[in-house]
Amino acid sequence: MTPTDSPLGMNAGPDYSLSQLKTLEAESIHIMREVVAEMERPALLFSGGKDSIVMLRLAEKAFWPAPIPFPVMHVDTGHNFPEVLEYRDRRAGELSLQLIIASVQDAIDRGTVREEPKYRFDALFGGARRDEEKARAKERVFSFRDEFGQWDPKNQRPELWNLYNGRVHAGESIRVFPLSNWTELDVWQYIGAENIDLPSIYFAHEREVYLRDGMLMAVTQHSQPGAADEVFVAQVRYRTVGDATLTAAVYSDADTVAKIVDEVAVTRLTERGATRGDDKVSEAAMEDRKKEGYF
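Residues numbered from 1 in each chain as written. Predicted model: local features only at pLDDT ≥ 70, side-chain atom pairs only at ≥ 80, totals over all residues. Heavy atoms only, no water.

### Examining the overall build of the chain
Operational definition: Put simply, DSSP H or I for four residues or longer makes a helix, DSSP E for two residues or longer makes a strand, and each gets a number counted from the N terminus. Each residue is placed in one exposure class: buried if its accessible area under a 1.4 Å probe, protein chains only, is under 20% of its type's maximum, exposed if it is over 50%, and partly exposed if it falls in between. Note on contacts: a residue pair is in contact if any heavy atoms of the two residues lie within 4.5 Å. Using the Shrake-Rupley algorithm and a 1.4 Å probe, accessible areas are obtained, with residue cover drawn only from the displayed protein chains.
A count of helical and extended segments in the chain gives nine helices and ten strands. Across the 295 residues in the chain, those meeting the buried criterion constitute 47%. A fraction of 72% describes how many contacts in the chain between residues 6 or more apart in sequence connect residues 24 or more apart. Summed over all atoms, the accessible surface of the chain reaches about 15500 Å², with 53% contributed by carbon and sulfur.

Here is the structure:
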């Protein structure tokens with residue numbers, strides 16, 4: 001609207017409204033600042049996937065020009081894609097991050113899956129989004145965990161007017177999801193707008209794969225085909241990054257962010273539904289894991 005188009009015939013002044021992406025960015029930055037203000041020992045979980053990479057970019061903006069005021073933790077399953085590990089180490093060096101690498105195998109060898117006592121984090125940032133999966137759709141931005149790390153979906157705190165309650169007792173903690181209201185399409189559009197670098201496996205490339213339960217699994221040292229599985233070369237990319245034994249690729253010729261945005265815009269299946277074997281165990285697989293202490 002120009003000044004002469006104003007219904008009152010007056011100068012309407014500048015337009016301070018935000019775009020969809022800027023609104024989501026502002027909300028996420030607000031959440032991160034709230035956590036740092038309320039909690040004593042926050043940390044950001046970093047998988048090397050697109051969502052945690054976007055979170056890292058938001059953390060940069062939230063506290064610029066100061067350094068990111070909390071450590072970044074990668075929970076290493078031992079079944080990683082090499083492209084993701086290379087990206088993790090390179091990005092940590094570029095940003096001078098305090099990178100903590102926690103080993104799942106070490107915890108198994110010790111006979112425990114509890115957090116290392118020396119860290120005692122009371123808040124952990126995660127990149128989960130509500131559009132990904134049913135359990136995540138009903139989880140709060142500040143998601144309370146008891147002393148065993150368990151989530152009770154019937155006992156969640158209200159978040160009226162974007163007011164967040166981070167009060168916890170000793171041993172308890174919260175999981176914080178700054179990207180809760182983002183969609184996969186929002187994430188990719190933001191990556192394009194911010195020109196964010198990503199691991200190469202997110203873009204179309206040729207790879208040896210085989211079919212398992214209808215999913216395209218890559219041939220890696222961690223994921224080997226069975227005797228009856230046919231191995232073939234296909235042009236694929238990854239929509240999500242996780243444990244290499246459970247994460248599948250999808251057929252794609254999208255080798256740029258713009259092409260991926262076009263591809264995601266017409267898909268009707270979430271990235272977890274399409275490519276994560278651990279979510280196919282049952283309809284409530286994710287919720288069951290969260291109740292038992294999964295992030």
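### Brief notes about the nonpolar core
Let me state the cut-off plainly: The nonpolar core is taken to be a set of buried Ala, Val, Leu, Ile, Met, Phe, Trp, Tyr and Cys residues, with the residues joined through side-chain atoms within 4.5 Å.
Of all hydrophobic cores here, the largest spans 57 residues; its most connected members are Leu44, Val54 and Trp188. At eight residues, the largest contribution of residues to this core is made by helix H2 (residues 50-63). Beyond its immediate stretch of four places on either side in the chain, Trp188 contacts Lys50, Leu198, Tyr202, Arg237, Val257, Ile260, Val261 and Val264. Counting six residues, the second largest nonpolar core, distinct from the first, contains Ala43, Leu45, Met73 and Phe121.

### Let's talk about the packing of helix H1 (residues 20-38) against H2
Each pair of packed helices can be described by the angle between their axes along with the distance between the axes. Here is the rule: To define axes, lines are fitted to C-alpha atoms, for helices over the stretch in contact only, and angles between the resulting N-to-C directions are given on a 0 to 180 degree scale. Geometric relationships in this document are graded by angle, where less than 35 degrees denotes roughly parallel, more than 145 denotes roughly antiparallel, 65 to 115 denotes roughly perpendicular, and other angles denote oblique. Put simply, Ala, Val, Leu, Ile, Met, Phe, Trp, Tyr, Cys and Pro go in the nonpolar bin, Asp, Glu, Lys and Arg in the charged bin, and everything else, Gly too, in the polar bin.
As a packed pair, H1 and H2 sit with axes 9 Å apart at the nearest point and diverge in direction by 70 degrees. Our classification of the angle between H1 and H2 gives roughly perpendicular. The residues of H2 that touch H1, namely those facing Lys22, Glu25, Ser28, Ile29, Met32, Arg33 and Val36, are Met55, Leu58, Ala59, Lys61, Ala62 and Phe63. Its residues placed into classes, the contact of H1 with H2 shows eight nonpolar, one polar and four charged.

### Digging into unusual backbone geometry
Looking along the chain, the bond that leaves Trp64 and enters Pro65 is cis, with omega of 10 degrees. Take Pro65: it is sitting in the loop between H2 and strand E2 (72-76). Phi at Arg120 is positive, roughly 50 degrees, even though this residue is not glycine. Structurally, the position occupied by Arg120 is in the loop between helix H4 (104-110) and strand E4 (123-125). Arg120 sits in the exposed class, given a relative accessible area of 55%.

### Quick word on helix H6 (residues 184-194)
Restricting attention to buried positions, one finds in H6 the residues Glu184, Asp186, Val187, Trp188, Tyr190, Ile191 and Glu194. Following H6 by one or two positions, Asn195 adopts a phi angle in the positive range, close to 55 degrees.

### Considerations on the sheet that holds strand E1 (residues 42-45)
By way of backbone hydrogen bonds, the strands of a sheet pair with one another, either parallel or antiparallel. The condition is simple: When DSSP finds at least two bridges between two strands, those strands are taken to pair.
The sheet built from six strands is open, its strands ordered E3-E2-E1-E4-E6-E5 with mixed pairing. Each edge of the sheet is formed by a strand with only one pairing partner; in this case those strands are strand E3 (99-103) and strand E5 (142-145). Ignoring which end each strand starts from, the neighbouring axes of this sheet average 30 degrees apart. Summarising the sheet, E1 and E4 pair through three bridges and their orientation is parallel. In the sheet register, Pro42 faces E4, and the bridge partner there is Ala123. Contacts from helix H3 (residues 82-95) reach E2 and E3, with the element oriented near 150 degrees to E3.

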